[in-house]
Amino acid sequence: MRRILPSMHFLENFMPIMSNEKFAVDVLGQAADIEFYEAVELGFIKDTACRHAIRNIVENRGWQLTQWCSPVIADKGLSLSSLDPKERKKAIACAKELLAGIAETGAKRCGLQSGPDPKTDELRVEAKKALFESCIELSETAKQYDGMYLLFEPLDRFVHKKQLLGPIKEVTEWFANLKKECSNFYIHWDSAHEVLGGADLKESVTLAAPYLAQLHICNCINDPQHPYYGDHHMDIGQAPDYKTWGYLTPKVGSEILKTVAAFEPCDGVEITYCALEVRAHLADDLWAKERLIRTFLTEAFDLAGIAHK
Ligand SMILES: [Mn+2]
């Protein structure tokens, strides 16, 4: 059996305030008073004083902190799987800088993504080799920071994010070899990316299980004709039925949790944290969103018969 506990995806839940780091740190301090979440997820934090303040909050609360560095690398137009050696070198240097920054914040998990899909099978083989080399270098760097793990979140290849990693079967085959060289790499699985990739959720998460350190449950619509088609970190519905245009309900979430809980523990991972990923937008009532997320997660854990404490 695997132990699963809820994580707060602060970055998405409080997205509209994240660019004001000082303000966000104050809100994070208030969020730490909520008893429900046992881990927290943030983006990269630039300001040194804010990093130290977050470190205090996280350590006092006993939270495991994940920081998502993937958007920073992608926003710079860089890719860890680039076939251009110069660009790949820049991406590695960027990731190393980000690692140093998140270590200051007290993070133990660094979230990464591969890079854009190069669109042909031949180039995909080459890009996966390039990514492998990048990972070996980053794995060595991460060892400098006590307890730091690196995470790959597989995204969709053909719908929205259009990344090399990618279809879960390919990811896990590639990952099996990576894991032999880099024990500090893990998979972060996300249900929305799997739905968009046309995967069966249970099969997909079972393939990821040997490397699965944490996960996101996330709503989406996999109908190309629908205006919401894609990976938009879509809203969940309201109690009691939580119905939306998307596929996600607490019952679907509970099936994912049950599947993960039934796996044998993953080497080096004591607790598997699961967040409900819902993006907030400017002028939303962010605390109302947080309460809804918490209510939904509580119901999913309860339906699965899994204690969330
Ligand atoms: Mn996600």
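These figures come from a predicted structure and were not determined experimentally. All residue numbers here refer to positions counted from 1 along the written sequence of the relevant chain. Whole-chain, interface and lining totals are the exception, using all residues; otherwise, since this is a predicted model, local features are given only for residues with pLDDT of at least 70 and side-chain atom pairs are given and counted only at 80 or more.

Visitor: Can you help me understand the overall build of the protein chain in this one?
Guide: Of the regular secondary structure elements, the protein chain holds 11 helices and 10 strands. Based on the C-alpha atoms only, the size of the protein chain along its principal axes is roughly 50 × 45 × 40 Å. Buried means a residue has 20 or more other C-beta atoms within 10 Å of its own C-beta, exposed means 12 or fewer, and partly exposed covers the counts in between; C-beta atoms are placed from the backbone. Each of the 309 residues in the protein chain was classed as buried or not, and the buried ones make up 47%. Think of it this way: build a C-beta for each residue from its backbone, and any pair within 7 Å is a contact. For the protein chain, the proportion of contacts with a sequence separation of at least 24, taken over those separated by at least 6, is 78%. Note on conventions: DSSP H or I runs of at least 4 residues are helices, E runs of at least 2 residues are strands, and numbering of each starts at the N terminus.

Visitor: What is the right way to look at the sheet that holds strand S3 (residues 64–68) in this model?
Guide: The strands that make up a sheet pair up through hydrogen bonds in the backbone, lying either parallel or antiparallel. Here, strands pair whenever DSSP counts at least two bridges between them. Spatially, the 8 strands close up into a barrel ordered S1-S2-S3-S4-S5-S6-S7-S10, and their pairing is parallel. Adjacent strand axes in the sheet meet at a mean angle of 30 degrees when their direction is disregarded. Axes here refer to lines fitted to C-alpha atoms; in helices the fit is confined to the stretch in contact. Angles between the N-to-C directions go from 0 to 180 degrees.

Visitor: Hey, could you run me through the environment of Cys69 in this one?
Guide: On the secondary structure map, Cys69 appears in the loop between S3 and helix H4 (70–75). Judged by the 24 C-beta atoms lying within 10 Å of it, Cys69 is buried. As a C-alpha pair, Cys69 and Ile102 span 33 residues in sequence and 8.7 Å in three-dimensional space. If we skip the residues at most four places from it in the chain, Cys69 touches Phe44, Ala95, Leu98, Ile102, Cys110, Gly111 and Leu112.

Visitor: Looking at this structure, I do not really get the packing of helix H10 (residues 250–261) against helix H11 (residues 286–304). What am I missing?
Guide: Pairs of packed helices are described in terms of their axes, by the angle between the two and the distance that separates them. Close contact between H10 and H11 brings their axes to 8 Å; oriented N to C, the two are set at 55 degrees. When the interaxial angle is binned, H10 and H11 end up oblique. Handedness of the H10/H11 crossing: right-handed. Two secondary-structure elements touch here, H10 through Pro250, Lys251, Gly253, Ser254, Leu257, Lys258 and Ala261 and H11 through Phe296, Glu299, Ala300, Phe301, Leu303 and Ala304. When grouped by side-chain class, the residues that make up the contact of H10 with H11 number 8 nonpolar, 2 polar and 3 charged. With respect to orientation, any angle under 35 degrees is reported as roughly parallel, any angle over 145 as roughly antiparallel, any angle of 65 to 115 as roughly perpendicular, and every other angle as oblique. Crossing handedness: left-handed means the near helix sits turned counterclockwise from the far one by under a right angle, and right-handed means the same turn made clockwise. Residue type decides the class: Asp, Glu, Lys and Arg count as charged, Ala, Val, Leu, Ile, Met, Phe, Trp, Tyr, Cys and Pro as nonpolar, and the leftover types, Gly among them, as polar.

Visitor: Would you explain helix H2 (residues 21–31) in this entry?
Guide: Residues spaced three or four apart along an α-helix face the same direction, because each turn holds 3.6 residues. Considered for burial, the residues of H2 that qualify are Ala24, Val25, Leu28 and Ala31. Angularly, the buried residues of H2 cover 115 degrees about the axis, an arc narrow enough to put them on a single face. H2 presents Lys22 and Gln30 as exposed residues on the side facing more than 90 degrees away from its buried surface. On its buried face, H2 is in contact with strand S1 (4–8), helix H1 (10–13) and helix H3 (48–61). Relevant arc is that of directions from the helix axis to the C-beta atoms, nothing else.

Visitor: Is there a simple way to explain the pairing of strand S5 (residues 149–152) in this structure?
Guide: The two faces of a sheet get side chains in turn, since along a regular strand they alternate between them. Alternating residues of S5 divide into Tyr149 and Leu151 and Leu150 and Phe152, and every residue in both groups is buried. As judged from the 4 bridges shared by strand S4 (residues 109–112) and S5, these two strands associate in the parallel manner. Bridging across to S5, Arg109 finds its partner in Tyr149. A crossover gets the label right-handed when its path from the first strand over the helix to the second runs clockwise, viewed with the strands pointing away from the viewer. In terms of handedness, the path from S4 via helix H6 (residues 121–142) over to S5 forms a crossover that is right-handed. Taken together, the 3 bridges between S5 and strand S6 (residues 185–190) define a ladder with parallel strand orientation. Pairing of Leu151 across the sheet is with Tyr186, part of S6.

Visitor: Help me understand the nonpolar core in this model?
Guide: A general feature of soluble globular proteins is that nonpolar side chains tend to end up buried together. Val40, Cys69, Ala95, Cys110, Ile187 and Leu257 are the most contacted members of the largest nonpolar core, which has 91 residues in total. Once residues within four sequence positions are removed from consideration, Val40 is found in contact with Ser7, Met8, Phe10, Val58, Trp63 and Leu65. Throughout this description, the term nonpolar core refers to a group of buried Ala, Val, Leu, Ile, Met, Phe, Trp, Tyr and Cys residues whose C-beta atoms join them within 7 Å.

Visitor: Explain unusual backbone geometry to me, please; I cannot follow it from the model alone.
Guide: A negative phi holds for most residues other than glycine; trans holds for most peptide bonds. The peptide bond linking Leu165 to Gly166 adopts the cis configuration, its omega dihedral lying at -25 degrees. Mapping Gly166 onto the fold places it in the loop between S5 and helix H7 (168–181). Note that the residue after Ala239, namely Pro240, is joined by a cis bond; omega there is 5 degrees. Within the element layout of this structure, Pro240 appears in the loop between strand S9 (230–234) and H10. Of note in this structure, Tyr242 is not a glycine but carries a positive phi near 55 degrees. Within the secondary structure, Tyr242 is located in the loop between S9 and H10.

Visitor: Quick question: what am I supposed to make of the pairing of S1 here?
Guide: Buried residues dominate S1, accounting for 4 of its 5 residues. Pairing between S1 and strand S10 (residues 272–276): 4 bridges, direction parallel. The partner of Ser7 across the bridge, within S10, is Ala275. The pairing of S1 with strand S2 (residues 39–43) spans 2 bridges and is classified as parallel. The partner of Ser7 across the bridge, within S2, is Ala39.

Visitor: Help me understand helix H5 (residues 85–105) in this model?
Guide: Expected helix span is taken as 1.5 Å per residue step, with the number of steps being one fewer than the number of residues. Taking 1.5 Å per residue, 21 residues should reach 30 Å; H5 reaches 30 Å between its end C-alpha atoms and fits that length. Within the sequence span of H5, burial applies to Arg88, Ala91, Ile92, Ala95, Leu98, Leu99, Ile102, Ala103 and Thr105. Down the axis of H5, the buried set is contained in an arc of 135 degrees. They therefore lie on one face. H5 presents Lys86, Ala93 and Ala100 as exposed residues on the side facing more than 90 degrees away from its buried surface. Contacts made by the buried residues of H5 are with H3, S3, H4, S4 and H6.

Such coordinate-based values are descriptive only and should not be taken to indicate function.
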